[in-house]
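Next come the chains, spelled out residue by residue.
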Amino acid sequence: MILTGGLKSLLPHVLRRIIRCNKLSISNTSGMAKGYKQANVVILHKSLADDFEKFCHANDGPLPLLYRSKPGDWKCPSLSSDSDIRTDCLQYRIYEHGSCTGSLESLREYSEQLKDMVTFYLGCSFSFEKALQNAGIPVRNVEQKCNVSMYKTAVPCYSISKFCCNLVVTMRPIPESKLEAAVLATSELKEAHGAPIHIGDPGLLGIQDLSRPDYGDPVRLHPGDIPVFWACGVTGVEAVINCRAPLSFTHSPGCMFITDVKNNNVPVRSSREVQVHCISQDPLHYSIVSAEAAQKIKTLETLIGIDPGDRGIIHLLRQDELLKACLSISHARSVLITTGFPTHFTYEPPEENDGPPGALAIAAILQALEKEVSIVTDQRAMNLNKKIIEEAVQLGILKKPVPLLSYQGQNADSALMFLCENGNPGKPRFDHLVAIERAGMAADGNYYNARKINIKHLVDPIDELFLAAQTIPGIRTTGVGDGGNELGMGKVKDAVKKHIKNGDVIACDVEADFTIVAGVSNWGGYAIACALYILSTCEVHDRYLRKAVGFPKLSNKMVWLSALPSVTKEEKLLKTLVRHGVRSGKTASLEMEVDGLPFYNTHSLMIEKLL
């Protein structure tokens, strides 16, 4: 038997000859033939080949197709000069009617059956391990001399005919300081699965225990390592199992076909071209975005940070909060929005017109993105908000009515019961809570307007939902405000107390995970809507959201664009608010101009100018 000593430096054709003679004492090909592409192998009856090829194209993250043979062709001339697929993998598996009935070192005994079968060669993540090492990133499975860990997930692939299965992923522990480098090193290697599809808690993929992989070996994480997951070609094995074909073959996971093709010498992207951001600590979750999209969102953040009232909000601004909040919202399935600041406490209704337009702008883009969205407000304002929502639908601002909820906080478990199914923290109804221009509770338990007037009697305790969310894994929160007394501004309360008039009294004490500060809160809502549009049209982020399965959703771009806020929509909505007795709370938005355009012309200024 040949030991593993110098194998890593051998050329592919030499390795294949050694494998063909069954003279290797290794269990997988990780780290072999560095810099050359390796391939997963799926062999199916010719009657299934066209559908399987379509399945690969529909899920090209896990199944990048390198080569499809003709029936009975045991060679792959574009990948290797002298190969024989019957003998050149370390080990094969045989499947009959969806069940694995054995492992083989050669398929020669099935040569007759193979004459009517087609071989698919699919990209493999072993191919990018050299790129990771060249970028100074440790490859733990190579260090530990074991196979990579592979896991079945709860993520469904795009189905084609009989081919349907969930995504399989590989996991490689990456030091936190190297996450961005790992994304950059692999993102252009499309034929080796490209960039990661998930970074962080495996539970978000439906993986329960990293120490028990479905395929391969467990790989130990070092202190400071983060689990990073790439789409895996073993997804093809799962598709074969579910297809239940009378006879099919695959490589054994980790025992790849080694090609003569070198990995493309793709220049590693500049560290400024793709960004990685942590959007949650519990569960741990990172997201990725192109630097171009991130810069557009940073520009939005700068635009909305203009202080028309010269109230000192510059001291409250926190860099990249808009970007991180919107990355988090983009991953959410269900979003709960709250608004309402009864600053005109001597009038009926006491609400101001800052807040509802921004809230509806967020709701409109969330509807266009096909997310669930609801609004929670004060019981006394339910009828008012119902009428506003109905008219927003009639005006074309909303696609359909938004469910309207109220929260009274009758006992200690009320918030948990409201946010989670049957009060179970493991089953949250909402993934993200957004408060925009919503009165926030001060340190003394009261609610104050900017003039230090206590308006607690007009405010339901919706703050309790944000406080409860801090204890529920998987629910993130965002607060949007312009004065520091709004729900969620507790994150900047020290700055509010120091720099905002009456801040020592009015400062909200309740924190949100993300705090978006704007010159007018509606601007913050409009910026969130625009930022979500920018993220949705970012190919890097779109691929990460859909886990590299299915097709890009950019065909929906015009639907998303039509849902964005504009001057015309805002004018119509403000007239609706006036008709229902809602008064202005601060500087009229349309009086302000930026670059000679009304600031609220988000369609032309924030979108057309940025894009």
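Residues numbered from 1 in each chain as written. Predicted model: local features only at pLDDT ≥ 70, side-chain atom pairs only at ≥ 80, totals over all residues. Heavy atoms only, no water.

A few words now on the overall build of the protein chain. When you go through the protein chain residue by residue, the secondary structure sums to 20 helices and 22 strands. Its C-alpha atoms give the protein chain a radius of gyration of 28 Å, within 12% of the compact-globule value 25 Å for 611 residues. Across its three principal directions, the C-alpha atoms of the protein chain cover 90 × 50 × 45 Å. Within the protein chain, the proportion of its 611 residues that are buried is 60%. Accessible surface, the protein chain as shown: approximately 24,100 Å² in total, 49% of it carbon and sulfur. Here the protein chain contributes 66 positive and 66 negative side-chain charges, whose respective centroids are spaced 5 Å apart. (Helix = DSSP H or I, 4+ residues; strand = E, 2+ residues; numbered from the N terminus. Rg over C-alpha atoms; globule rule 2.2 N^0.38 Å. Buried < 20%, exposed > 50% of the residue type's maximum accessible area, 1.4 Å probe, protein only. Areas by Shrake-Rupley, 256 points an atom, 1.4 Å probe, with all protein chains shown as cover. Lys, Arg positive; Asp, Glu negative; His and termini not counted. Charge placed at Lys NZ, Arg CZ, Asp CG, Glu CD.)

Let's shift gears to the nonpolar core. If you look at the biggest cluster of nonpolar residues, it comprises 64 residues, and the most contacted ones within it are Ile 337, Ile 365 and Ile 528. Counting residues in hydrophobic clusters, the runner-up holds 44 residues, among them Ala 49, Leu 63, Ala 231 and Cys 243. (Core = buried A, V, L, I, M, F, W, Y, C linked by side-chain atoms within 4.5 Å.)

Before going further, it helps to examine the sheet that holds strand E8 (residues 198-200). If you trace the seven strands from one edge of the open sheet to the other, you get E9-E6-E7-E10-E8-E14-E13, paired in antiparallel fashion. Both edges of this open sheet fall to strand E9 (215-216) and strand E13 (274-281), since each of them pairs with a single strand only. Pairing analysis gives seven bridges linking strand E7 (residues 166-175) to strand E10 (residues 225-231), with the strands arranged antiparallel. Note on E10: the bridge partner recorded for Pro 175 is Asp 225. (Pairing = 2+ DSSP bridges.)

This part takes up unusual backbone geometry. Each neighbour pair has its own omega, and for Asp 282 with Pro 283 the value is 0°, a cis peptide bond. Examined against the element boundaries, Pro 283 turns out to sit in the loop between E13 and strand E14 (284-290). In this structure, the amide linkage connecting Glu 348 to the following residue, Pro 349, adopts the cis form with an omega of 0°. Here Pro 349 lies in the loop between strand E15 (334-340) and helix H10 (356-368). Phi at Asn 422 takes a positive value of approximately 55°, unusual for a residue other than glycine. Topologically, Asn 422 is positioned in the loop between helix H12 (414-419) and strand E18 (432-438). With a phi angle near 50°, Glu 437 is a residue other than glycine that sits in the positive phi range.

All told, the structure shown has seven cavities of 30 Å³ or more when counted by the stated rule. Its volume calculated, the largest cavity comes out at about 80 Å³. Among the secondary structure elements, those contributing two or more residues to the lining of the largest cavity are H10 and helix H19 (567-579). Residues of the lining of the largest cavity, tallied by class, amount to nine nonpolar, no polar and two charged. (1 Å grid on protein atoms, 1.4 Å probe; cavity = no way out; pocket = protein on both sides within 12 Å on 5 of 7 lines; lining within 4 Å. Points joined across faces, edges and corners; volume = space filled by probe spheres on them. Nonpolar A, V, L, I, M, F, W, Y, C, P; charged D, E, K, R; others polar.)

The sheet built from six strands is open, its strands ordered E17-E16-E15-E18-E19-E20 with parallel pairing. For this open sheet the edge positions go to strand E17 (404-406) and strand E20 (514-517), each flanked by a neighbour on one side alone. Taking each pair of neighbouring strands and ignoring which way they run, the sheet shows an average axis angle of 25°. Of the pairings in the sheet, the one linking strand E19 (residues 476-481) to E20 comprises four bridges and is parallel in character. In the strand pairing of E20, Thr 478 is matched with Phe 514. Across the sheet, helix H11 (residues 382-394) is in contact with strand E16 (372-377) and E17; its angle to E17 comes to roughly 165°. (Axes fitted to C-alpha atoms, helices over the stretch in contact; angles between N-to-C directions. Contact = heavy atoms within 4.5 Å.)

Below, the discussion takes up the domain arrangement of the protein chain. Split by domain assignment, the protein chain resolves into domain 1 (12-262) and domain 2 (275-610). Spacing between the C-alpha centres of domain 1 and domain 2 amounts to 43 Å. Counting from both sides, the interface comprises 27 residues of domain 1 and, opposite them, 14 residues of domain 2. Carbon and sulfur atoms make up 65% of the area that domain 1 and domain 2 hide from each other, which totals about 1,700 Å². The largest contributions to the domain 1 side of the interface with domain 2 come from Glu 180, Ile 197 and Ile 199, which together make up 27% of the buried area. Counting every contact that joins domain 1 to domain 2 gives zero salt bridges. (Domains from an automatic or database assignment. Buried area = accessible area lost by both parts, 1.4 Å probe. Salt bridge = Lys/Arg side-chain N within 4 Å of Asp/Glu carboxyl O.)

With 92% of its residues at a pLDDT of 70 or more, the protein chain has an overall mean of 91. Between residues 587-611, whose pLDDT stays under 50, and residues either more than four places distant or in other chains, the model counts 65 contacts. (pLDDT = per-residue confidence, 0-100.)

Below, the discussion takes up the layout of surface pockets. Rolled over the atoms, a probe sized like a water molecule indicates the empty space that remains. Approximately 1,200 Å³ is the volume found for the largest pocket. Forming the boundary of the largest pocket are 37 residues, of which Ser 330, His 331, Ala 332, Arg 333 and Lys 371 lie nearest the centre. Listed by contribution, the elements that provide at least two residues to the lining of the largest pocket are strand E6 (149-156), E13, helix H9 (321-331), helix H16 (521-536), helix H17 (539-545) and helix H18 (557-562). Split into classes, the residues belonging to the lining of the largest pocket amount to 16 nonpolar, eleven polar and ten charged. Looking at the lining of the largest pocket, you find at least three residues from each of domain 1 (12-262) and domain 2 (275-610). Together, 28 residues line the second largest pocket, and Asp 60, Lys 190, Glu 539, Arg 543 and Arg 546 are the ones closest to its centre. Elements represented by at least two residues in the lining of the second largest pocket include exactly helix H6 (179-187) and H17.

Among the nine residues of H6, seven are classified as buried, and the element is accordingly described as predominantly covered. Taken as a whole, H6 has its buried residues at Leu 179, Ala 182, Val 183, Leu 184, Ala 185, Thr 186 and Ser 187. Looking at the packing, one finds that the buried side of H6 touches helix H4 (129-134), E7, E8, E10, E13 and E14.

A few words on the pairing of E13. Sheet faces and side chains relate simply in a regular strand, where the side chains alternate between the two faces. Burial runs high along E13: six of the eight residues are buried. Looking at chain direction, E13 and E14 are connected through seven bridges and run antiparallel. For Cys 278, the partnering residue across the bridge sits in E14 and is Tyr 286. Hairpin connection from E13 to E14: two residues lie between these consecutive antiparallel strands.

Once that is clear, we can look at the side chain of Ser 334. When you line up the elements, Ser 334 lands in strand E15. On the basis of relative accessibility, which here comes to 2%, the residue Ser 334 falls in the buried class. Setting aside residues no more than four positions away along its own chain, Ser 334 makes contact with Glu 372, Arg 429, Phe 430, Asp 431 and His 432.

At a minimum axis separation of 9 Å, H9 and H16 run at an interaxial angle of 65°. Handedness of the H9/H16 crossing: right-handed. Two secondary-structure elements touch here, H9 through Leu 322, Cys 326, Leu 327, Ile 329 and Ser 330 and H16 through Ala 527, Ile 528, Ala 531, Leu 532 and Leu 535. In terms of residue class, the contact of H9 with H16 is made up of nine nonpolar, one polar and no charged. (Left-handed = near helix turned anticlockwise from the far one by under 90°.)

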